[in-house]
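# Structure assessment
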Amino acid sequence: MPFISSGMVRPHSSKIAFVHRLLDAATIMGCLYLALDWVKELQFLSHYVQAGVWATLIYLIVAGARGVYGSWRVVPIHSAVLTIFVTWFWV
C-alpha cells in the first residue's frame, strides 16, 4: 500500500506550492488593481502593471527565502503568522 504510506499531499506538494505562489501573485495584482480603482479611480496602465510585477517578483523571492512555501505541519501557528507578517513587512 504505497499510496497510504506516502500520503495524498506529498506527491502533489510541488503543484500545491505552485498554486500557492500563483494565488499570492494574483492577490498582489488584484489588490493593486482595486486600490487604483477604488481610491484614486486611476486606470490600470502599463507602469502600474510593471510596478505590480516587480512587487510580485520581490515578494515571491523574499517569501521563498523565508520559507513561506515550505511545510507548516510542525510549526506553531504564531510562528507561521509572524513569518508571513515579517515577509509582508520586508516587501
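Heads up: the structure comes first, above all this text.
Residues numbered from 1 in each chain as written. Predicted model: local features only at pLDDT ≥ 70, side-chain atom pairs only at ≥ 80, totals over all residues. Heavy atoms only, no water.

### Points about the packing of helix 2 (residues 13-40) against helix 3 (residues 46-66)
Contact pair helix 2 / helix 3: the axes reach a minimum separation of 10 Å and the direction vectors enclose 145 degrees. Considering the relative orientation of helix 2 and helix 3, their crossing is right-handed. Here Arg21, Asp24, Ala25, Ile28, Met29, Leu32 and Leu36 of helix 2 lie close against helix 3, whose contacting residues are Tyr48, Val49, Gly52, Val53, Ala55, Thr56, Tyr59 and Leu60. Of the residues contributing to the contact of helix 2 with helix 3, the split by class is eleven nonpolar, two polar and two charged. (Axes fitted to C-alpha atoms, helices over the stretch in contact; angles between N-to-C directions. Helix = DSSP H or I, 4+ residues; strand = E, 2+ residues; numbered from the N terminus. Left-handed = near helix turned anticlockwise from the far one by under 90°. Contact = heavy atoms within 4.5 Å. Nonpolar A, V, L, I, M, F, W, Y, C, P; charged D, E, K, R; others polar.)

### Focus on the packing of helix 3 against helix 4 (residues 77-90)
Taken N-terminus to C-terminus, the directions of helix 3 and helix 4 make an angle of 145 degrees; their axes are 10 Å apart at the nearest point. Pair helix 3 / helix 4 crosses with right-handed handedness. Counting all contacts with helix 3, which are made through Tyr59, Val62, Ala63 and Arg66, the residues of helix 4 involved are Thr83, Val86, Thr87 and Trp88. Taken together, the residues of the contact of helix 3 with helix 4 break down into five nonpolar, two polar and one charged.

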